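Descriptive structure summary
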Number of protein chains: 2
Amino acid sequence: MSSTKFKKDKEIIADYETQVKEIRNQLVEQFKCLEQQSESRIQLLQDLQEFFRRKAEIELEYSRSLDKLAERFSSKIRSSREHQQFKKDQHLLSSVNCWYLVLNQTRRESRDHATLSDIYTNNVIVRLAQISEDVIRLFKKSKDIGIQMHEELVKVTNELYTVMKTYHMYHTESISAESKLKDAEKQEEKQFSKSGDLNVNLLRHEDRQPRRSSVRKIEKMKEKRQAKYSENKLKCTKARNDYLLNLAATNAVVAKYYIHDVSDMIDCCDLGYHASSTFRISVCRVQFRSRHEDWIS
Amino acid sequence: MSSTKFKKDKEIIADYETQVKEIRNQLVEQFKCLEQQSESRIQLLQDLQEFFRRKAEIELEYSRSLDKLAERFSSKIRSSREHQQFKKDQHLLSSVNCWYLVLNQTRRESRDHATLSDIYTNNVIVRLAQISEDVIRLFKKSKDIGIQMHEELVKVTNELYTVMKTYHMYHTESISAESKLKDAEKQEEKQFSKSGDLNVNLLRHEDRQPRRSSVRKIEKMKEKRQAKYSENKLKCTKARNDYLLNLAATNAVVAKYYIHDVSDMIDCCDLGYHASSTFRISVCRVQFRSRHEDWIS
């Protein structure tokens, strides 16, 4: 029975080790996820920055082309105005006015796209870089907090492991002490029944002395074993209480970690990221839209 | 008196010639103006065509740059999606959605500017070329009509010139015939007063015969001159009537030309030009604006 009990203990410890291993794997996996998420965010932000850098270039190029075009025809008008006096009241012609309107419109478009390019370069890209930095900072801080929490978890589980092992050890010892005590009791019983037989059948003086000393010996042993058993039983009970307290504490820590801490960590990362990114981007959008509406009207 | 009269006639003809010359200068000037106006219109239309040709190029360039940019990042997303399985549910992230929105917006801008370029190339420029052709046709037709009107004006003034000269000639002749007749009457009077003295003081037969014949001679001359004068007077009156009729007709033609024909010609040119140009350009503008409003909404 003791060997099966021992086997059971071993199984429990193996089970426990498996569970702890699984938890550690999960922690590693969680960090990996966090890292991947941050990486994909940074990658996205880098892509956006690169995109807006190139878009700013395109807008500037477009703006310059339009400006050059308008300037080319405006200077043509100026020079023809200087050289030809008869064109003095040309501005009264509607088609000439239309032409001026087209040129002014082109210049305005040029200005608008230059402003857009400027907004991309000096607002959007700078802001995206800031968000990238925020994401890196958020990730580092989250990882630090995560590491602390993991350490606590590991510490608690290690303690539980030690306490559990101690309990199992004392439990085993207590059981062996109990069985030894039972052996002693059996021996005593045997001795008593022997001495009863002797009292009834044979009352040999020379025989009596050694028998009495052996009874005393057995009793002494029994008392010793009884004391040992009591001591072990007490230790075992203490270890059991320790184990139960630690078990409850560990379960509380694990539950707290999985139910609150992990989701807090994710929320903190996400919330920080969204608070950092969405507000400014929507501001830029409003600016952009208002410019365009202005442009149309 | 006759010489001053002649001088006056000469002055009148010179005046008339100056006036006709002025009118001819005006006609030449009018054609020059019409030509300059058409030329400046054609120049303007050519400028507009060149402008829109270049603008179409700029729009196409801009459109291509935007498309290239969007395509570059879209293909990057596609390749990363194929290689990394863990990014499967990335489309659930709001920042990724934002990124897709930006790329789609860029593609749409690219399409819009390509359409704009297409409108410039296939509608605006073609239409401007048609307007140019219309202007040339309008100018040619107006010039043809103008030439006809000018020819009529020149013809009428030439006729008036001839009639006026004829009248002046007959008038001069009539005046000289009148003075000759008056000379004859004076001579007759002298003769009569001489013969009266002779009747009273000296009645010499031998003297009477030749004196009677000279009286007859004078009378004959007087009659002849009277006939000549009457004939000239009639011719002169006829020429005067002709002249007055022609003068009225010429004035009517000149007034018609200056008051109605010139302004009709200008109106015809302008109206044709504006009818040809404004309608289509406004249509293009509406298309353009609606596209842009569509783009913003």
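Residues numbered from 1 in each chain as written. Chains lettered and ligands numbered in written order. Predicted model: local features only at pLDDT ≥ 70, side-chain atom pairs only at ≥ 80, totals over all residues. Heavy atoms only, no water.

The name given to chain A in an unreviewed UniProt entry is SLIT-ROBO Rho GTPase-activating protein 3 isoform X2, with the source organism recorded as Lates japonicus.

**A word on the overall build of chain A**
Which entries qualify depends on this criterion: In DSSP terms, a helix is any run of H or I states spanning at least four residues, a strand is any run of E spanning at least two, and both are numbered starting from the N terminus. We call two residues contacting when some pair of their heavy atoms lies within 4.5 Å. Calculation of accessible area relied on Shrake-Rupley with a 1.4 Å probe; when residues are assessed, cover is drawn exclusively from the protein chains displayed.
In terms of regular secondary structure, chain A is built from three helices and zero strands. Its helices and strands taken in sequence order, chain A reads α-α-α from the N to the C terminus. For chain A, the share of sequence-separated contacts (at least 6 apart) that also reach a separation of at least 24 residues comes to 94%. For chain A, the computed accessible surface area is about 19000 Å², with 55% contributed by carbon and sulfur atoms.

**Looking at the pattern of salt bridges**
Rule in force here: By definition, a salt bridge exists where a carboxyl oxygen of Asp or Glu is found within 4 Å of a side-chain nitrogen of Lys or Arg. Burial status follows relative accessibility: with a 1.4 Å probe on protein chains alone, a residue under 20% of its type maximum counts as buried, one over 50% as exposed, and anything between as partly exposed.
Under the defined criterion, the tally for this structure stands at 22 salt bridges over all chains. The residue E57 of chain B makes a salt bridge to R54 of chain B at a minimum N-O spacing of 3.0 Å. Taken together, the residues span about one helical turn, with E57 of chain B and R54 of chain B both in helix α1 (residues 2-83) at a distance of three residues. Classification of E57 of chain B as partly exposed rests on a relative accessible area of 45%. R54 of chain B gets classed as partly exposed once you look at its relative accessible area, which sits at 25%. If you follow the salt bridges from partner to partner, you end up with K55 and E59 of chain A together with E109 of chain B in one network.

**Topic: the packing of aromatic side chains**
What counts here: Between rings of Phe, Tyr and Trp, where Trp is taken as its six-membered ring, a pair exists when centres lie within 6.5 Å; planes separated by under 30 degrees are stacked, by over 60 edge-to-face, and by other angles tilted.
Under the criterion given, the structure shown has 17 aromatic pairs over all chains. Their ring planes at 75 degrees and their centres at 5.5 Å tell us that F73 of chain A and W99 of chain A sit as a pair that is edge-to-face. Of the two residues, F73 of chain A sits in helix α1 (residues 2-83) while W99 of chain A sits in helix α2 (residues 94-201), which places them 26 residues apart along the sequence. In this pair, the class of F73 of chain A matches that of W99 of chain A, namely buried. Plain terms: the ring middles of Y257 of chain B and Y258 of chain B are 5.1 Å apart, the flat faces sit at 85 degrees to each other, and that makes the pair edge-to-face. In this structure an aromatic cluster arises from ring pairing among F51, F52 and Y120 of chain A together with F73 and W99 of chain B.

**Here's the deal with the nonpolar core**
Keep this limit in mind: Residues belong to one nonpolar core when they are buried, are Ala, Val, Leu, Ile, Met, Phe, Trp, Tyr or Cys, and are joined through side-chain atoms within 4.5 Å.
Formed by 51 residues in total, the largest nonpolar core has its most connected members in F51, F52 and W99 of chain A together with F51, F52 and W99 of chain B. Of all the elements in the fold, those that place two or more residues in this core are α1 and α2 of chain A together with α1 and α2 (94-201) of chain B. Looking at which element gives the most residues to this core, the answer is α1 of chain B, with 13 residues. Other than its neighbours up to four places away in sequence, F52 of chain A contacts Y120, V124, I125 and L128 of chain A together with V102 of chain B.

**A word on the confidence of the model for chain A**
Stated precisely, the cut-off is as follows: Scored from 0 to 100, pLDDT reflects the predictor's confidence in each residue.
Of all residues in chain A, 81% have pLDDT values of 70 or greater, and the mean over the chain is 81. Below pLDDT 50 for its whole length, residues 279-284 of chain A participates in five contacts with residues either more than four positions away or in separate chains.

**Observations regarding the environment of V20 of chain B**
Structurally, the position occupied by V20 of chain B is in helix α1. Along the backbone, V20 of chain B and Y161 of chain B are 141 residues apart, and their C-alpha atoms lie at a distance of 9.6 Å.

**Re the side chain of R127 of chain A**
Residues and elements named next belong to chain A. Rule in force here: Only four residue types enter the charge count: Lys and Arg as positive, Asp and Glu as negative, with His and the chain ends excluded. What qualifies as a polar contact is a pair of N or O atoms within 3.5 Å, subject to a donor-acceptor requirement within protein and to the restriction that residues adjacent in sequence count only when both atoms come from side chains.
In this structure, R127 sits in helix α2. It turns out R127 is buried and unbridged, and the closest side chain with the opposite charge, D134, is 4.5 Å from it. A polar contact is formed between the side chain of R127 and the side chain of Q130, at a distance of 2.6 Å.

**Things to note about the side chain of S74 of chain B**
Along the polypeptide, S74 of chain B turns up in helix α1. In terms of polar contacts, S74 of chain B uses its side chain to reach the side chain of R107 of chain B, at 2.8 Å.

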